[in-house]
Amino acid sequence: AMVVGSSIEFLSSYIKTTSSYAIYYTGSTITGGSRLVFEDSTVSGQHGLYTNGNQLNAGGLLYARRSNFMSTSASYYTMYLYGTGGKIDHDGSNRHSTGDVYINVQSLASGSIFVLNKSSVDYIQITVGSTTNITLTITDVTARYYYYGGNTVTDSVATVLDSTFSTYYYVTLSDARDGSLIVMNRSTVGYCYLYGKQTGRASYIIDQTTVSTTSTYAMYVTAVFRDSLFEVRRSIVSTSNRYAIYLTSQVYGTTVHRYVDSTIRTTYTTSVTSTYPPSQGALCYYYTYAQFNDQSVLEMDNNDLYVGVSTAY
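For clarity, every value in this text was computed on a predicted model and none was experimentally measured. (Residues numbered from 1 in each chain as written. Predicted model: local features only at pLDDT ≥ 70, side-chain atom pairs only at ≥ 80, totals over all residues. Heavy atoms only, no water.)

**Comments concerning the overall build of the chain**
Piece 1. Of regular secondary structure, the chain possesses 0 helices and 33 strands.
Piece 2. In terms of C-alpha radius of gyration, the chain reaches 21 Å, essentially the compact-globule figure of 20 Å for 313 residues.
Piece 3. Along the first, second and third principal axes, the C-alpha set of the chain runs to 65 × 40 × 25 Å.
Piece 4. Buried positions account for 54% of the 313 residues belonging to the chain. (Helix = DSSP H or I, 4+ residues; strand = E, 2+ residues; numbered from the N terminus. Rg over C-alpha atoms; globule rule 2.2 N^0.38 Å. Buried < 20%, exposed > 50% of the residue type's maximum accessible area, 1.4 Å probe, protein only.)

Below, the structure written as structure tokens:
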């Protein structure tokens, strides 16, 4: 491992290769107060920064400011970071281009920040394990895929703003809890999946966003909600296939599911059947699994629900 308190720093540096890895980090873990630092630097290759194995661990820090991480094609990584712990401090002054951003830290340290701003990449995958008080922000980014996964995530914020994900936006957390906030605002995505659990003042909000796809579901929600908020507001959720919003959700406590000023539609034209669930629908709570319990509430306010057949059940 790196010596406790030591650092490797790339300051005003230009690291470029036309093949393989611009920086390939292996064999020496970032732990015990040690740091890997990038400031005012460019890291460019088939892969930009690539860590081989669990290199970021408890007490370690990846710090990046005003740096560019680039890969030569969508098949490679601008940043590939694996670890069992440690902290990330990557603010919006950095840029990524072309390839995939892959971060998998099993117990990301409290206070970690990852901001991706004004970048064009292919795939963003962030897996954080169990953690508390982290901030993930994606702003003005164009990509195909967004994936945010983890175990118990407490008092944390994950936002997507003014961005486009042409294929999907996918969130799967074992439990987002105790004030955690997941928001997508002023963005456009192909289809949207939400899995896992929302507990104790956690919120999942889609606002001023267009979800549009030809897939069976534009938005698929299979999660347990307890004392939390699920809200779609001022948005368009649309598919030319069967279901615009499809939920198999258990809802408990004081949870609110709220739909406000939104257009929710399927233009699927095959005749609907009287079976349950019906073969298509604008907003479908699948009766076998989706149940409202305790003091939970479903609110509908000024929405346009559209089904592309003359007869519906």
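Let us keep going from here.
**Looking at a nonpolar patch on the surface**
Piece 1. Nonpolar side chains collect at one region of the surface, where Phe292, Leu298, Met300 and Leu305 lie side by side and expose about 340 Å² of accessible area between them.
Piece 2. Looking at the element boundaries, Met300 is found in strand β32 (residues 297-301).
Piece 3. Look at Met300 and you get partly exposed, because its relative accessible area is 41%. (Patch = residues over 30% accessible without salt bridge, like charges linked within 9 Å, V, L, I, M, F, W, Y side chains within 5 Å. Areas by Shrake-Rupley, 256 points an atom, 1.4 Å probe, with all protein chains shown as cover. Salt bridge = Lys/Arg side-chain N within 4 Å of Asp/Glu carboxyl O.)

**Focus on the pairing of strand β12 (residues 100-105)**
Successive residues of a regular strand alternate their side chains across the two faces of the sheet.
Piece 1. With 6 of its 6 residues buried, β12 lies for the most part within the structure.
Piece 2. What you see with β12 is no split at all: Asp100, Tyr102 and Asn104 on one side and Val101, Ile103 and Val105 on the other are buried throughout.
Piece 3. Sheet topology places strand β9 (residues 77-83) next to β12; 6 bridges connect them, and they run parallel. Its bridge partner being in β12, Tyr80 is matched across the sheet by Tyr102.
Piece 4. Bridge analysis of β12 against strand β14 (residues 123-127) gives 5 bridges, and the strand direction is parallel. Among the inter-strand pairings, Ile103 is bridged to a residue of β14, identified as Ile126. (Pairing = 2+ DSSP bridges.)

Just distances and angles here, no functional claims.
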